[in-house]
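Now for the letters of each chain:
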Amino acid sequence: METKIVSKNFDIPNAHTIEVALKNTRYESIHNLIFLKPQTVIDMIKASGLRGKGGGGAPSGAKWQLASDYIGEKYLVVNGDESEPGTFKDRQIIAKDPHLLIEGIIVTCFAIGAKNAYVYVRGEYEEFSNILQLAIDEAYAKNFLGNGAIIPIDITIHRGAGAYICGEKSALLESLEGNRGHPRLKPKKPEPEFYFGNPTLVNNVETIASVPFIVLHGAEAYRAYGTKDSAGTLLFAISGHVNSAGVYEVPFGTSMIEYIEKLGGGIKNGKKLKAVIPGGASTPILPAHLVKEAKLDYESLKALGSSLGTGGMIVMDEDTSMVKALKNLLRFYHHESCGQCTPCREGTSWVDKTMDKFINKSATHEDLQILKGSSKSMNGQTICVFAPAVSGVIDGFLKHFEDEFLECIV
Ligand SMILES: Cc1cc2nc3c(=O)[nH]c(=O)nc-3n(C[C@H](O)[C@H](O)[C@H](O)COP(=O)(O)O)c2cc1C
Ligand code: SF4
């Protein structure tokens, strides 16, 4: 079941050091670049069906093309903010195989014509950021980076300061430019991101770490895993009431319940499964009967009324209070709203405060209507998708577990 493409070197002792990395195929895809044109590499990424692994699942090849076609000095920004609750996959790559990420960055910069890359690492990840910096230093020393390299590229790490919203790509770029991490208005037509006005590609850590395999083995080899529309694999994370919380790479299309039972070790203490938040906190919850139907791919989870997100599953057993679980999430979103848009700033505050009444069992039917109304008041009227995602989370809990909320009404 486990399929090790990105995680191939994770179990090799000291794979984070360049000596061990070089003995285990790292930097080999760069030799292939000597015979390839940048556009050929972009075409390979398109043909592989690679989709962004930061939550949105956007086709990577099309994004690369947009950045490549734009005239001007280009940049690559790697999103390692990883602050979505339940998500802890990118840090595995950084800690266990940082040279894979560096190799992916070199290939990507070659393809889009960038000379500088920034890796934006979550503020709390000091340990992982230090590991990556050591690996970057080693790569410079061995002439894989810098002026002496075949493809001369510089990589700089930028640490965040703990704001969830800085994972959103345009807020991340604002933060990288030294501004407050506020998301930007979306353009009317497809275009790359911009860093100080320069065309920029933003990709997630795992997306970039998937690139060397494709360049080394070909698009078809990648497509051999997964489904037609969700090609390849993902480092799915599992946490909550399971025996073996962790990160396991499997092909898209794998059965969710099998993953939970076989890799997650099943539910703790022999309890029954109640629900799973499938792809990080911002994806709508699925009750146990739908978990049994779910496949770990974009299409299956969409059809079940949720989404794949980052693939970080949060598993809840039969004793979990859905009222307390939703309160926990809404407190987080209230704290993390960047405050630019009134429906989000005020809405996240209202729903969080309303949840206190459900927790104290002093809620009214009007309070339930406030929660239900959030999908109207917070959806589609904001700069970024943070607020609509919050209302989607509330809708999911009420759709499947309304009885628990009704029990808290006086
Ligand atoms: C509120 C919010 C938080 C996000 N956090 C992250 C994050 O921590 N890491 C990430 O890679 N993408 C995150 N994203 C998605 C990014 O905006 C962006 O789509 C992604 O980095 C693009 O890379 P990809 O195409 O490789 O997935 C977030 C989006 C939103 C709306
Ligand atoms: S939706 Fe929320 S997080 Fe997004 S820009 Fe508006 S206020 Fe900020």
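Residues numbered from 1 in each chain as written. Chains lettered and ligands numbered in written order. Predicted model: local features only at pLDDT ≥ 70, side-chain atom pairs only at ≥ 80, totals over all residues. Heavy atoms only, no water.

> An account of the packing of aromatic side chains is requested, with residue identities and associated values reported.
For any pair of aromatic rings, the description rests on two quantities: the centre-to-centre distance and the angle between the ring planes. Inspection of every chain in the model, using the stated rule, returns 18 aromatic pairs. Both rings, one in Tyr333 and one in Phe386, keep their centres 5.6 Å apart while their planes meet at 90°; by these two values the pair is edge-to-face. One end of the pair, Tyr333, is in helix α15 (residues 322-336); the other, Phe386, is in helix α18 (residues 386-406), and 53 residues separate them in sequence. On the basis of relative accessible area, Phe386 is assigned to the buried category, the value being 7%. Three or more aromatic residues joined by ring pairs make a cluster, and in this case those are Phe236, Tyr248, Phe252, Tyr259 and Tyr298. (Phe/Tyr/Trp six-rings, centres within 6.5 Å; stacked < 30°, edge-to-face > 60°. Helix = DSSP H or I, 4+ residues; strand = E, 2+ residues; numbered from the N terminus. Buried < 20%, exposed > 50% of the residue type's maximum accessible area, 1.4 Å probe, protein only.)

> Please give an account of the nonpolar core that cites residues and values.
Trp64, Leu101, Ile102, Ile105, Ile106, Leu132 and Ile155 are the most contacted members of the largest nonpolar core, which has 59 residues in total. Composition of this core by domain shows at least three residues from each of domain 1 (18-223) and domain 2 (233-316). Ignoring anything within four residues of it in the chain, the contact list for Ile102 reads Tyr27, Leu132, Ala135, Ile136, Ala139, Leu145 and Ile155. Core analysis: the next-biggest nonpolar cluster, separate from the first, contains 37 residues, Ala275, Ala281, Phe358 and Ala363 among them. (Core = buried A, V, L, I, M, F, W, Y, C linked by side-chain atoms within 4.5 Å. Domains from an automatic or database assignment. Contact = heavy atoms within 4.5 Å.)

> Tell me about the sheet that holds strand β5 (residues 198-204), residues and numbers included.
With mixed pairing, the five strands of this open sheet are ordered in space as β3-β2-β1-β5-β4. Every interior strand has two partners, whereas the edge strands, β3 (154-159) and β4 (193-195), have only one. Along the sheet, successive strands turn relative to each other by an average axial angle of 35°, direction set aside. The pairing of strand β1 (residues 74-80) with β5 spans five bridges and is parallel. (Pairing = 2+ DSSP bridges. Axes fitted to C-alpha atoms, helices over the stretch in contact; angles between N-to-C directions.)

> Before we move on, can you summarise the sheet that holds strand β9 (residues 286-287) with the specific residues and values?
In spatial order, the strands read β7-β6-β10-β8-β9; together these five strands make up an open sheet with mixed pairing. The sheet is open, and its two edges are formed by β7 (246-251) and β9, each paired on a single side. Here strand β8 (residues 273-277) runs beside strand β10 (residues 312-317); their pairing, made up of four bridges, is antiparallel. The residue of β10 that forms the bridge with Leu273 is Asp317. Most of the contacts of helix α12 (residues 256-263) go to β7, to which it runs at about 135°, and overall it touches β6 (233-240), β7, β8, β9 and β10. Against the sheet, α18 engages β8 and β9, with an angle of about 145° to β8.

> I'd love a proper account of the site of ligand 1, names of residues and values included.
Near ligand 1 there are 18 residues, and of these Gly54, Lys169, Asn203, Asn204 and Thr207 occur at the shortest range. At a separation of 3.3 Å, an oxygen atom of ligand 1 approaches a polar backbone atom of Lys53. Between Asn203 and ligand 1, the recorded distance is 2.8 Å, taken from a side-chain N or O atom to an oxygen atom. Contact with the protein chains covers 88% of the free accessible surface of ligand 1, which is 610 Å². Looking at the shell around ligand 1, the element that brings in the most residues is β5, giving three residues. Considered class by class, the residues forming the shell around ligand 1 number four nonpolar, eight polar and six charged. (Near = heavy atom within 4 Å. Polar contact = N/O pair within 3.5 Å; in protein donor to acceptor, adjacent residues only side chain to side chain. Areas by Shrake-Rupley, 256 points an atom, 1.4 Å probe, with all protein chains shown as cover. Nonpolar A, V, L, I, M, F, W, Y, C, P; charged D, E, K, R; others polar.)

> Please provide a residue-by-residue account of helix α16 (residues 342-359), values included.
The end-to-end C-alpha distance of α16, which contains 18 residues, comes to 26 Å, matching closely the 26 Å that a straight helix rising 1.5 Å per residue would cover. Of all the positions in α16, only Cys344, Gly347, Thr348, Ser349, Val351, Asp352, Thr354, Met355 and Phe358 are classed as buried. Next to the buried residues of α16 lie α15, α17 (365-377) and α18. Just past α16, the residue Lys361 takes up positive phi, approximately 55°. (Expected span 1.5 Å × (residues − 1).)

> Describe empty space enclosed by the protein, with residues and values.
Using the criterion set out here, one finds one cavity of 30 Å³ or more in the structure. Taken as a whole, the largest cavity encloses approximately 80 Å³ of empty space. Lining the largest cavity are 13 residues, with Cys338, Cys341, Cys344, Cys384 and Phe386 sitting closest to its centre. Partitioning the lining of the largest cavity into residue classes produces nine nonpolar, four polar and no charged. (1 Å grid on protein atoms, 1.4 Å probe; cavity = no way out; pocket = protein on both sides within 12 Å on 5 of 7 lines; lining within 4 Å. Points joined across faces, edges and corners; volume = space filled by probe spheres on them.)

> Give me the domain arrangement of the protein chain: which residues, what numbers.
Per the domain assignment, the segments making up the protein chain are domain 1 (18-223), domain 2 (233-316) and domain 3 (322-406). Spacing between the C-alpha centres of domain 2 and domain 3 amounts to 23 Å. Between domain 2 and domain 3, the residue contacts involve eleven residues of the former and twelve residues of the latter. Across the interface of domain 2 and domain 3, roughly 930 Å² is buried in total on both sides, 75% from carbon and sulfur atoms. (Buried area = accessible area lost by both parts, 1.4 Å probe.)

> With reference to specific residues and values, describe the site of ligand 2.
Surrounding ligand 2, one finds 13 residues, the nearest of these being Cys338, Gln340, Cys341, Cys344 and Cys384. Considered class by class, the residues forming the shell around ligand 2 number nine nonpolar, four polar and no charged.

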